[in-house]
Amino acid sequence: MLEITNLHVSVADKPILKGLTLSVPAGEVHAVMGPNGAGKSTLAHVLGGKPGYEVTAGSVTFRGEDLLALEPHERAARGLFLGFQYPVEIPGVSNVQFLREALNAQRKARGEEPLSGGEFLKLAREKAALLKMDMEMLKRQVNVGFSGGEKKRAEMVQMGILDPAFAVLDETDSGLDIDALRIVGAGINAIMRSADKAVLLITHYQRLLDVVAPDKVSVLADGRILETGGPELALRLEAEGYDAVLA
Ligand SMILES: Nc1ncnc2c1ncn2[C@@H]1O[C@H](COP(=O)(O)OP(=O)(O)O)[C@@H](O)[C@H]1O
Ligand SMILES: [Mg+2]
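What comes next is a walk through the structure. The structure displayed is predicted, hence computed values, not measured ones.

1. Some remarks on the sheet that holds strand β10 (residues 198-202)
Part 1 of the argument: In space, the 6 strands of this open sheet follow the order β6-β9-β10-β3-β11-β12, with mixed pairing throughout. The open sheet terminates on both sides in strands that have one partner only, identified here as β6 (80-83) and β12 (224-229). On average, adjacent strands in this sheet sit at an angle of 20° to one another, irrespective of strand direction.
Part 2 of the argument: The sheet contact formed by strand β3 (residues 29-33) and strand β11 (residues 216-221) spans 4 bridges and is parallel. Residue A31 lies in a different strand from β11, and its bridge partner there is V217.

2. Brief notes about unusual backbone geometry
Part 1 of the argument: Unlike most non-glycine residues, N6 shows phi in positive territory, near 45°.
Part 2 of the argument: For N6, a relative accessible area of 37% corresponds to the partly exposed category.
Part 3 of the argument: For D13, which is not a glycine, the phi torsion comes out positive at approximately 65°.
Part 4 of the argument: Here D13 is to be found in the loop between β1 (2-11) and β2 (14-24).

3. Quick look at the site of ligand 1
Part 1 of the argument: Close to ligand 1 lie V11, K14, I16, P35, N36, G37, A38, G39, K40, S41 and T42.
Part 2 of the argument: For ligand 1, an oxygen atom lies 3.0 Å from a polar atom in the backbone of G39.
Part 3 of the argument: Counting residues per element, the ones that place at least two in the shell around ligand 1 are β2 and α1 (40-48).
Part 4 of the argument: The greatest single-element share of the shell around ligand 1, amounting to 3 residues, is contributed by α1.
Part 5 of the argument: Taken together, the residues that form the shell around ligand 1 break down as 4 nonpolar, 5 polar and 2 charged.

4. Some points on the pattern of salt bridges
Part 1 of the argument: The final tally for this structure, using the stated rule, is 13 salt bridges.
Part 2 of the argument: Note that K216 and E28 form a salt bridge whose closest N and O atoms lie 3.5 Å from each other. Placement of K216 in strand β11 and of E28 in the loop between β2 and β3 is noted, with a sequence separation of 188 residues between them.
Part 3 of the argument: By relative accessible area, which is 34% here, K216 ends up partly exposed.
Part 4 of the argument: Where K151 meets E89, a salt bridge forms, and the shortest distance between an N and an O atom there is 3.3 Å. Separated by 62 residues along the polypeptide, K151 in helix α6 (residues 148-162) and E89 in the loop between β6 and β7 (90-94) bring together distant segments of the chain.
Part 5 of the argument: When its relative accessible area of 41% is taken as the criterion, E89 is described as partly exposed.

Calculation criteria
Residues numbered from 1 in each chain as written. Chains lettered and ligands numbered in written order. Predicted model: local features only at pLDDT ≥ 70, side-chain atom pairs only at ≥ 80, totals over all residues. Heavy atoms only, no water. Pairing = 2+ DSSP bridges. Helix = DSSP H or I, 4+ residues; strand = E, 2+ residues; numbered from the N terminus. Axes fitted to C-alpha atoms, helices over the stretch in contact; angles between N-to-C directions. Buried < 20%, exposed > 50% of the residue type's maximum accessible area, 1.4 Å probe, protein only. Near = heavy atom within 4 Å. Polar contact = N/O pair within 3.5 Å; in protein donor to acceptor, adjacent residues only side chain to side chain. Nonpolar A, V, L, I, M, F, W, Y, C, P; charged D, E, K, R; others polar. Salt bridge = Lys/Arg side-chain N within 4 Å of Asp/Glu carboxyl O.

Don't take any of this as a statement about function, it's just geometry.
Quick look at the structure:
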């Protein structure tokens, strides 16, 4: 589903990704772990199409198409979702407005009819319930005054509503308390665990992987994937640390 081959990316002329190769087939949850500054968020941003990330070599194909040639909104319309490490606040726009606009823009791009206000609210209620989020919170401005954990949960509600084929989740577990972590993990399973979907799950902690249970685990260090294994690799990293495992 997602094929990243020998990807080199520079930010402000500084090489960050240095020949990253990673393949994520449909049906797979692939966890990416790695030390701070390794390039994990850079990978997420370049997949999402954030400006300022210069691809100097390599390729990314998504469902057989050249992902890097597409604008961010085109990537979204084709089923790519990006969950941010630091979700942005959008003052003056409510979650409900934002999510309905985003969903209907994607539906339009796919040649589907927009959802009416009533249909959208029904969908939003269902997905908010899945993440145990109060509908009142969805009526508030996007992320404004939300705690770190609330932002992450709101993002998962967004993912549920947009129903992407592929989710790149960047440290979705950061800032979550223990109960919220279980709810978010279960939400990822409910929304994304399917034979025709896949997830790239960037995380530092085994506790999210205890809930989401990845099929594969890769270590990203120094701008490359240095090792790929099964779930046991995450347990080894937790026990021994990056230096020992990569030595
Ligand atoms: N806009 C930027 N300008 C200069 N350096 C950057 C910029 N963004 C990221 N970097 C650098 O790129 C490296 C990788 O960052 P990042 O992808 O955020 O790492 P990770 O998410 O793995 O912790 C870091 O050394 C960081 O300082
Ligand atoms: Mg990061």
